[in-house]
Amino acid sequence: MESSGKQVPQCYPSSVTSARTMMLFNLGSAYCLRSEYDKARKCLHQAASLIHPKEIPPEAILLAVYLELQNGKHLLFFNYIFI
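Residues numbered from 1 in each chain as written. Predicted model: local features only at pLDDT ≥ 70, side-chain atom pairs only at ≥ 80, totals over all residues. Heavy atoms only, no water.

An unreviewed UniProt entry lists the protein under the name CCR4-NOT transcription complex subunit 10, from Pantherophis guttatus. Turning to the protein, the UniProt record has this under Sequence similarities (unreviewed entry): "Belongs to the CNOT10 family." Of the comments in the UniProt record for the protein, the one headed Function (unreviewed entry) reads "Component of the CCR4-NOT complex which is one of the major cellular mRNA deadenylases and is linked to various cellular processes including bulk mRNA degradation, miRNA-mediated repression, translational repression during translational initiation and general transcription regulation." (UniProt positions renumbered as here; feature names shortened; annotations may be inferred.)

1. Overview of the layout of surface pockets
Taken as a whole, the largest pocket encloses approximately 160 Å³ of empty space. Lining the largest pocket are Phe-25, Arg-41, Leu-44, His-45, Ala-48, Ile-56, Ala-60, Ile-61, Ala-64, Leu-67 and Glu-68. Of all the secondary-structure elements, those providing two or more residues to the lining of the largest pocket are helix 2 (37–50) and helix 3 (58–70). Considering each element in turn, the lining of the largest pocket owes the most residues, 5 residues, to helix 3. Its residues assigned to classes, the lining of the largest pocket shows 8 nonpolar, 1 polar and 2 charged. (1 Å grid on protein atoms, 1.4 Å probe; cavity = no way out; pocket = protein on both sides within 12 Å on 5 of 7 lines; lining within 4 Å. Points joined across faces, edges and corners; volume = space filled by probe spheres on them. Helix = DSSP H or I, 4+ residues; strand = E, 2+ residues; numbered from the N terminus. Nonpolar A, V, L, I, M, F, W, Y, C, P; charged D, E, K, R; others polar.)

2. Some words on the nonpolar core
Side chains that are nonpolar tend, in soluble globular proteins, to be buried together. Listed in full, the 11 residues of the largest apolar core are Leu-24, Phe-25, Cys-32, Ala-40, Cys-43, Leu-44, Ala-47, Ile-51, Ala-60, Leu-63 and Leu-67. Of all the secondary-structure elements, those providing two or more residues to this core are helix 1 (16–33), helix 2 and helix 3. Excluding anything up to four places from it in sequence, Leu-44 contacts Phe-25, Ala-60, Leu-63, Ala-64 and Leu-67. (Core = buried A, V, L, I, M, F, W, Y, C linked by side-chain atoms within 4.5 Å. Buried < 20%, exposed > 50% of the residue type's maximum accessible area, 1.4 Å probe, protein only. Contact = heavy atoms within 4.5 Å.)

3. Comments concerning a nonpolar patch on the surface
Taken together, the side chains of Ile-61, Val-65 and Leu-69 present a nonpolar region at the surface, about 220 Å² in accessible area. Relative to the elements of secondary structure, Leu-69 occurs in helix 3. Exposure remark for Leu-69: the relative accessible area of 36% places this residue in the partly exposed category. (Patch = residues over 30% accessible without salt bridge, like charges linked within 9 Å, V, L, I, M, F, W, Y side chains within 5 Å. Areas by Shrake-Rupley, 256 points an atom, 1.4 Å probe, with all protein chains shown as cover. Salt bridge = Lys/Arg side-chain N within 4 Å of Asp/Glu carboxyl O.)

4. Regarding unusual backbone geometry
Unusually for a residue other than glycine, Ser-35 sits at a positive phi of about 65 degrees. Note that Ser-35 resides in the loop between helix 1 and helix 2. The class for Ser-35 is partly exposed, based on a relative accessible area of 46%.

5. A few points about the side chain of Arg-41
Considering the arrangement of structural elements, one finds Arg-41 in helix 2. By relative accessible area, which is 17% here, Arg-41 ends up buried. Within polar-contact distance, the side chain of Arg-41 engages the side chain of Asp-38 at 3.2 Å. If sequence neighbours within four positions are ignored, Arg-41 has contacts with Leu-67, Glu-68 and Asn-71. (Polar contact = N/O pair within 3.5 Å; in protein donor to acceptor, adjacent residues only side chain to side chain.)

Here you go:
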């Protein structure tokens, strides 16, 4: 609680699985920053296998797109967008 009496929202995971999932997404981001794309991709796949596809955060989807672009699949994306 802040000194003004307002409650600050706490962002705690609701379960061990959701905590593990977020840790894997964050670890994948860290690997991506270090240009370790294979490790990042592995973390994303592990995290995505733990939760329902509709629960995957937008940041993880954008990271997956970035990894695919780094993997040289940019032509597939351009064909999809412009055709």
